[in-house]
Amino acid sequence: MKNDFLGRSLGVINDFSVEEQLFLYQQTKRLKEKWRNKESLDEFRIKNKDIGIYIVFIESSTRTKESFINAARFHRNARVSIFDSSHSSFNKKESYADTFNMLTGYSDYSIFVIRSKLEGTCKWLEQSTSEFALRNGLAIPSFINGGDGKHEHPTQEILDEFSFLEQKKWDTSHIHIALVGDLLHGRTVHSKVNGLKIFKEVTVDLIAPNELQMPHHYIEKMKMNGFNVRIFSSIEEYLKQKNIADTWYFTRLQLERMGEDILEKEQFLRKSVTFQKQFLDFLPQNVKFYHPLPRHKLYPTIPTFLDKLPLNGWEQQAINGYWTRTTLLSMMGGVLKTDFDTSKKIQEKKDTFIESAKVHNNFVPNKKSGIKPVDNGTVIDHIAKGKSNEEIYETMVKIRKVLKIYDSDSADGIFVSSDRKNKGYISLPNKYLTEKEIKKLSAISPEVTVNIIKNQHVEEKYRIHLPPKVYGFSKLRCKNENCISHPNNGEGIKGSFIRNKNGELVCEYCETPHTFEEIWNV
C-alpha cells in the first residue's frame with residue numbers, strides 16, 4: 001500500500017488515474033481557498049531540503065516554464081535549478097539518459113520538469129533513470145512532461161480540467177466541449193483524449209478543416225473511451241446546427257509545424273477556426289471560451305474584442321496554471337498523501353498469440369514443386385497470404401534476416417493456396433524453431449503456420465497471431481522521426497510497440513500507431 005506520489009511520473013495524462021486526477025483538483029481547490037482566506041499554506045510546501053526540482057526546457061517556452069519556476073519557488077525548502085535551452089548541454093548532442101542519470105545523483109530525491117521537441121522523452125527517462133537509480137541505491141526520480149513535440153502536454157491538461165470543473169461548479173456528471181483550431185499539431189487537445197475521462201458523459205465537437213483535423217487514432221481513442229464525437233469543418237458550419245457546446249477550447253495554428261502545401265491555404269484555414277463578432281448571436285447563455293495561450297498577436301483565434309465579455313474563461317485558466325503546478329509538485333514531493341493506493345498499476349496483457357492447432361493428417365507429401373521435401377525440421381507456411389508477390393517476398397526476406405536463417409539447404413517459394421490466394425513458404429530441413437524464435441516470428445509475420453516435422457510427419461502445428469507487445473529486436477523502428485526512440489535521435493533505444501484494440505502497434509514512447517509492416521527497419 002502506497003499513499004504518496006514519490007517516484008511517480010507524469011509523461012501523459014493517463015499516467016494518473018481518474019481518482020488521482022480528482023485528488024489533485026480537490027487539493028488545488030483547497031490551496032486556492034486557503035490563499036483567498038489568507039490562511040497558512042505551509043501544509044502544501046515541500047519540507048525536505050534535499051529535494052531538487054530541475055526545470056529543464058530543451059525546447060523554448062515562456063508561459064509553461066515561468067509558471068513552473070514560480071510553482072517550484074513556492075516550495076521554499078526545495079533546491080530549484082533552471083536550465084536555459086539556448087545554453088544547454090543537450091544542444092551539444094549529449095545523451096539524455098547520461099545527463100539525467102548524473103543529475104539524479106545530486107539530490108536525495110529529484111523532480112524533473114522537461115519540455116522537449118522529442119516525443120516520449122519522459123517515458124524513456126522514467127525507464128532508463130529508474131534503472132540507474134536502482135543500480136546505485138538512489139531514490140527513483142519523478143519526471144513531469146511540460147510538452148513533447150505534438151504528442152501531449154499533461155500539465156496543461158491538468159490546469160484545463162481544473163478550469164472546466166470550476167466552471168461547472170465541480171459537477172463531473174457530463175461535459176459538452178468544442179475543440180477548435182489546429183487539432184492536428186496541438187498537443188494540448190491530444191491530452192484531452194484521456195483527460196476528459198474525469199467526466200462520466202462526454203460529448204466532443206471537433207471544429208477544424210480537414211487539413212488541421214484531429215489525427216484519426218486520437219478520434220478512435222475518444223470513441224473507445226465512450227465519448228460522443230462530432231466533426232465540423234468550420235465555426236460557421238458548427239453554428240448552423242442547434243446543439244452547441246457551453247465549453248469551447250481554442251488553439252492557435254502552429255504554422256512552424258506545417259508543410260508548404262498547407263501554408264498556401266493559410267488564409268482559408270485561419271478564417272475557418274477564428275471567432276468573428278457576428279457569431280455572438282448564435283451562442284447559448286453561459287458559454288465559456290478557453291485557450292492555452294499565448295494567442296497569435298496578428299491572427300488570434302479568440303480576437304481581443306472578446307476579452308471583456310463574460311465568456312472569457314482563458315484568463316482564469318492561465319492563472320490556474322500556477323496553482324495546479326504548485327499542487328502537482330506538492331504531490332511529487334511527498335507532501336500530499338491520499339487515503340487510497342497510489343502505487344503504479346502495471347497491467348500486463350495476457351494473450352495466447354501462439355495457438356496450438358490440431359494435426360488432421362500428419363503425413364507431409366511433397367506438394368511444393370521444386371522444393372526438396374522436409375524429413376525433419378520446420379516448415380513456415382501461409383506467409384503474407386493474400387498479399388502481392390513483392391510483399392510476400394519482402395516478408396520472407398525479413399523472416400530470414402531477423403531470425404538469422406541462413407542455412408544453405410533451406411528453401412522458400414511463393415505458391416497458390418487452396419483458396420487461390422498467393423502465400424509464402426519457407427522450409428528449414430534439420431532445424432527446429434525454438435519457442436523464442438516462434439515468438440519472434442509472431443511479430444515479424446503474424447498469421448503464419450509453423451509445422452514441426454519429424455520422420456516426414458507433422459508432430460506439432462502452430463498458428464501464430466500478432467502478440468500484445470513487440471519489443472527487444474534491434475531492427476524495430478518507430479516511423480515518427482520526432483520520437484525519442486527513432487535511430488536518428490541517437491539515444492540507442494530499441495523500439496517497443498503495444499497492440500491496441502484495432503490491431504495496430506502503438507509506439508510505447510510517442511504513441512504513434514503502426515501496422516506490423518511499418519515497425520521493421522529491414
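Bear in mind the structure is a predicted one, so any value in this text is a computation, not a measurement. (Residues numbered from 1 in each chain as written. Predicted model: local features only at pLDDT ≥ 70, side-chain atom pairs only at ≥ 80, totals over all residues. Heavy atoms only, no water.)

Trainee: Sorry if this is basic, but what is going on with the overall build of the protein here?
Mentor: From N to C terminus, the protein includes 14 helices and 19 strands. Of all 522 residues assigned to the protein, the portion counted as buried reaches 55%. Partitioning the contacts of the protein with sequence separation of at least 6, the portion at a separation of at least 24 is 75%. Taken together, the 77 basic and 67 acidic charged side chains of the protein have centroids lying 1 Å from each other. (Helix = DSSP H or I, 4+ residues; strand = E, 2+ residues; numbered from the N terminus. Buried < 20%, exposed > 50% of the residue type's maximum accessible area, 1.4 Å probe, protein only. Contact = heavy atoms within 4.5 Å. Lys, Arg positive; Asp, Glu negative; His and termini not counted. Charge placed at Lys NZ, Arg CZ, Asp CG, Glu CD.)

Trainee: Got a minute to help me understand the side chain of serine 67 in this structure?
Mentor: In this fold, serine 67 is placed in helix α2 (residues 63–74). Side chain to side chain, serine 67 and arginine 325 meet in a polar contact 2.6 Å long. With residues up to four places along the chain from it excluded, the contact list for serine 67 reads Tyr322 and Arg325. (Polar contact = N/O pair within 3.5 Å; in protein donor to acceptor, adjacent residues only side chain to side chain.)

Trainee: Would you mind going over the domain arrangement of the protein with me for this structure?
Mentor: How big an interface is tends to be stated in terms of accessible area lost as the parts join. Here the protein is partitioned into domain 1 (13–153 + 322–333), domain 2 (155–313), domain 3 (347–351 + 468–521) and domain 4 (354–464). Look at where the C-alpha atoms of domain 1 and domain 2 centre, and you get two points 27 Å apart. For the domain 1 and domain 2 pair, buried surface summed over both sides reaches about 2300 Å², with 58% attributable to carbon and sulfur atoms. Of all residues in domain 1, Tyr25, Lys150 and His153 bury the most surface against domain 2, accounting for 28% of the area lost on that side. At the boundary of domain 1 and domain 2, one finds 2 salt bridges. The closest approach of N and O atoms between lysine 32 and glutamate 166, which form a salt bridge, is 3.1 Å. There are 15 residue pairs in polar contact (both at pLDDT 80 or more) connecting domain 1 and domain 2. Among the elements of the structure, α1 (18–36), α2, β4 (142–148) and α12 (314–332) are those that each provide at least two residues to the side of domain 1 that touches domain 2. Residue contributions to the side of domain 1 that touches domain 2 peak at 10 residues, all from α1. Of the residues in the side of domain 1 that touches domain 2, the class split is 8 nonpolar, 11 polar and 10 charged. (Domains from an automatic or database assignment. Buried area = accessible area lost by both parts, 1.4 Å probe. Salt bridge = Lys/Arg side-chain N within 4 Å of Asp/Glu carboxyl O. Nonpolar A, V, L, I, M, F, W, Y, C, P; charged D, E, K, R; others polar.)

Trainee: Teacher, can you tell me more about the nonpolar core here?
Mentor: One recurring pattern in soluble globular proteins: nonpolar side chains tend to sit buried together. Counting 84 residues, the largest nonpolar core has Leu179, Trp248 and Phe289 as the members making the most contacts within it. Domain assignment of the residues forming this core places at least three in each of domain 1 (13–153 + 322–333) and domain 2 (155–313). If near-sequence neighbours (up to four positions away) are discounted, tryptophan 248 is found in contact with Ala178, Val180, Ile235, Tyr238, Leu239, Phe275, Leu283, Val287, Lys288, Phe289 and Tyr290. Ranked by size, the runner-up nonpolar core spans 50 residues in total, among them Leu125, Met396, Val450 and Leu466. (Core = buried A, V, L, I, M, F, W, Y, C linked by side-chain atoms within 4.5 Å.)

Trainee: How do you make sense of the sheet that holds strand β6 (residues 201–207) when you look at a structure like this?
Mentor: Strand pairing in a sheet relies on backbone hydrogen bonds. The paired strands run either parallel or antiparallel. Here we have 5 strands laid out as an open sheet, ordered β7-β6-β5-β8-β9, and parallel in their pairing. If you trace the sheet from one side to the other, it starts and ends with β7 (228–232) and β9 (288–290), each paired once. Between one strand axis and the next, the sheet turns by 20° as a mean value, whatever way the strands run. Helix-sheet contacts for helix α5 (residues 154–167) involve β5 (174–180), β8 (247–250) and β9, and the interaxial angle to β8 is about 155°. The strands touched by helix α8 (residues 216–224) within the sheet are β5, β6 and β7, with β7 carrying the most contacts at an inclination of about 145°. (Pairing = 2+ DSSP bridges. Axes fitted to C-alpha atoms, helices over the stretch in contact; angles between N-to-C directions.)

Trainee: Looking at this structure, how should I read α12?
Mentor: A turn of α-helix holds 3.6 residues, and therefore any two residues three or four places apart point the same way. Between the first and last C-alpha of α12 there are 27 Å, a value that for 19 residues agrees with the 27 Å anticipated at 1.5 Å per step. Taking the largest bend as the criterion, α12 deviates by roughly 30°, centred on asparagine 320. Within α12, 14 of the 19 residues are buried, leaving the element largely enclosed by the surrounding structure. Immediately beyond the C-terminal end of α12, within one or two residues, lies glycine 334, with a positive phi of roughly 80°. (Expected span 1.5 Å × (residues − 1). Bend = angle between axes of the 7 residues up to and from the residue.)

Trainee: Quick question: what am I supposed to make of the UniProt feature "domain: Aspartate carbamoyltransferase regulatory subunit C-terminal" (unreviewed entry) in the protein here?
Mentor: The residues that UniProt annotates with the feature "domain: Aspartate carbamoyltransferase regulatory subunit C-terminal" (unreviewed entry) are residues 469–519. Secondary structure within residues 469–519 divides into 0% helix and 24% strand; the distance between the first and last C-alpha atoms comes to 12 Å. (UniProt positions renumbered as here; feature names shortened; annotations may be inferred.)

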